[in-house]
Amino acid sequence: MTGGQPPVAEPGKPGPVGPVPPGSGWPGDTATAATPAANDAGEVRALAAAAGTLAELTARQSVCRACPRLVEWREEVARVKRKSSRTEDYWGRPVPGWGDERPRVLIVGLAPAAHGGNRTGRIFTGDRSGDVLFASLYRCGFAAIPTSVSASDTQRLIGARMAAAVRCAPPVNKPSVTERDTCAPWLLAELRLVTAPLGVIVCLGGFAWDAAWTSLRSAGFALPRPKPRFGHGAEVTLAVPAGYGGGELLLLGCYHPSQQNTFTGRVTPAMLDDVFTRARAWADDGRQSTNT
Ligand code: SF4
């Protein structure tokens, strides 16, 4: 596989069997055949901690095989595919963090969708949740275009970055506690590499809120007790340790734009816009960092 476009099989015939080999030309793939893959929780910790750059980190994230159940599921989905996508290649690998390398806003989600990120290889890309989310990010100035449909489109995040708390698509969108904990060092390492200019973390849903909290604690942030409850619009202001650039960081809660939440009206485009408008205001003016 070469070039900038995900390959598409002859019309009417099934596409090549997933998952996509590292370094085989998928747009945005930072991994190569030589990228080391973690095979258990200890190796995730070691490889995440030793990553010196975001490119190295995302490459390692994208070839991880530490959670046997999720590896089996993501690859099975990539082989079987859904009917409407049967002529496409599926990514079928962990979906790494994506976006601005010096973001002011980090958006943390739950996990890739089986036929969304697991298909396209880019977080929140190619599914209904992403349709709603990217439209809001575009309205609020964080995305270059209002849609995100494939890793080869022209979408780009502006001053923002996205990461999932669990980077492989889980069956019925429910990772286990062990899988959540195994994946946590990838988020911690991403925080380490992007925190200097960062002003806001937007957590899409309670799972992401908890995951961000765990990573911030591991990073040495002084966190209030008890932990503030997640809610839409919930806010916590945290002092950023000097080693992470100093100043203040805003943790911001937002209901996840899942299909269920958007269909039922639990979260609306206007509610998302409110959160990202708040994030923008804080990122533009709110943080008094000593080292940005
Ligand atoms: S969920 Fe995270 S830790 Fe588990 S295999 Fe995927 S990337 Fe690795």
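Calculation rules
- Residues numbered from 1 in each chain as written.
- Predicted model: local features only at pLDDT ≥ 70, side-chain atom pairs only at ≥ 80, totals over all residues.
- Helix = DSSP H or I, 4+ residues; strand = E, 2+ residues; numbered from the N terminus.
- Rg over C-alpha atoms; globule rule 2.2 N^0.38 Å.
- Buried ≥ 20, exposed ≤ 12 C-beta atoms within 10 Å, placed from the backbone.
- Contact = placed C-beta atoms within 7 Å.
- Expected span 1.5 Å × (residues − 1).
- Near = placed C-beta within 6 Å.
- Nonpolar A, V, L, I, M, F, W, Y, C, P; charged D, E, K, R; others polar.
- Core = buried A, V, L, I, M, F, W, Y, C linked by C-beta atoms within 7 Å.
- Axes fitted to C-alpha atoms, helices over the stretch in contact; angles between N-to-C directions.
- Parallel < 35°, antiparallel > 145°, perpendicular 65-115°, else oblique.
- Left-handed = near helix turned anticlockwise from the far one by under 90°.
- pLDDT = per-residue confidence, 0-100.
- Pairing = 2+ DSSP bridges.
- Arc of directions from axis to C-beta.

1. So, the overall build of the protein chain
Step number 1: Secondary structure assignment for the protein chain yields nine helices and six strands.
Step number 2: Against the 2.2 N^0.38 benchmark of 19 Å for 292 residues, the protein chain shows a C-alpha radius of gyration of 18 Å, consistent with a compact globule.
Step number 3: In terms of overall dimensions, the protein chain has a C-alpha envelope of 55 × 40 × 35 Å along the principal axes.
Step number 4: Put simply, the protein chain has 292 residues, and 48% of those count as buried.
Step number 5: Of the contacts made within the protein chain by residues no fewer than 6 positions apart, 69% connect residues no fewer than 24 positions apart.

2. Some thoughts on helix H7 (residues 206–218)
Step number 1: Taking 1.5 Å of rise per residue, the 13 residues of H7 would be expected to cover 18 Å, and the 18 Å separating its terminal C-alpha atoms lies within 8% of that figure.
Step number 2: Taken together, the buried positions of H7 are occupied by Phe207, Ala208, Trp209, Ala211, Ala212, Trp213, Ser215 and Leu216.
Step number 3: Each element contacted by the buried residues of H7 is listed here: strand S2 (105–109), helix H6 (177–194), strand S4 (200–204), strand S5 (235–239) and strand S6 (248–254).

3. Let's talk about the site of the ligand
Step number 1: Among the 16 residues in the neighbourhood of the ligand, the closest are listed as Cys64, Cys67, Pro94, Cys168 and Cys183.
Step number 2: Elements that contribute at least two residues to the shell around the ligand include exactly helix H3 (68–80) and H6.
Step number 3: Broken down by element, the shell around the ligand gets its largest block of residues, four residues, from H6.
Step number 4: The residue makeup of the shell around the ligand, split by class, is 11 nonpolar, two polar and three charged.

4. Side note on the nonpolar core
Step number 1: One finds Val108, Ala165, Val202 and Cys203 to be the most contacted residues of the largest nonpolar core, which totals 84 residues.
Step number 2: When residues no more than four places from it in sequence are discounted, the contact partners of Val108 are Ala163, Ala165, Ile201, Cys203, Leu204, Ala208, Ala211 and Ala212.

5. With respect to the packing of helix H2 (residues 54–61) against H6
Step number 1: It is the contact of H2 with H6, at a shortest axis distance of 10 Å, that shows an interaxial angle of 170°. Considering the angle they form, H2 stands roughly antiparallel to H6. The way H2 lies across H6 gives a crossing that is left-handed. In contact with Leu54, Leu57 and Gln61 of H2, H6 contributes Trp186, Ala189, Glu190 and Leu193.

6. Re the confidence of the model for the protein chain
Step number 1: Per-residue pLDDT for the protein chain has a mean of 91; in total, 92% of the residues score no lower than 70.
Step number 2: Between residues 1–14, whose pLDDT stays under 50, and residues either more than four places distant or in other chains, the model counts 29 contacts.

7. A look at the sheet that holds strand S3 (residues 160–164)
Step number 1: Taken in spatial order, the six strands make up an open sheet running S1-S3-S2-S4-S6-S5, and their pairing is mixed. One side of each edge strand has no neighbouring strand; the edge strands of this open sheet are strand S1 (98–99) and S5.
Step number 2: The pairing of S2 with S3 spans five bridges and is parallel. Across the sheet, residue Leu106 finds its bridge partner in S3, namely Arg161.

8. Here's the deal with the environment of Pro197
Step number 1: Topologically, Pro197 is positioned in the loop between H6 and S4.
Step number 2: C-alpha separation for the pair Pro197 and Val105, spaced 92 residues apart in sequence, amounts to 8.8 Å.

9. Some remarks on helix H1 (residues 41–50)
Step number 1: Looking only at H1, the buried set comprises Val44, Leu47 and Ala48. The arc enclosing the buried residues of H1, seen along the axis, measures out at 100°, which places them on a common side. Seen from the open side of H1, the exposed residues pointing more than 90 degrees away from its buried face are Gly42, Ala49 and Ala50.
Step number 2: In this structure, the buried side of H1 is in contact with H2 and H6.

10. A few points about unusual backbone geometry
Step number 1: The omega torsion across Arg225 and Pro226 is -5°, close enough to zero to call that bond cis.
Step number 2: Phi at Phe124 is positive, roughly 55°, even though this residue is not glycine.
Step number 3: The topology assignment puts Phe124 in the loop between helix H4 (117–120) and helix H5 (128–139).
Step number 4: A positive phi is found at Asn173, a non-glycine position, where the angle reads about 60°.
Step number 5: Residue position: Asn173 is located in the loop between S3 and H6.
Step number 6: On the basis of neighbour counts, which here come to 16 C-beta atoms within 10 Å, the residue Asn173 falls in the partly exposed class.

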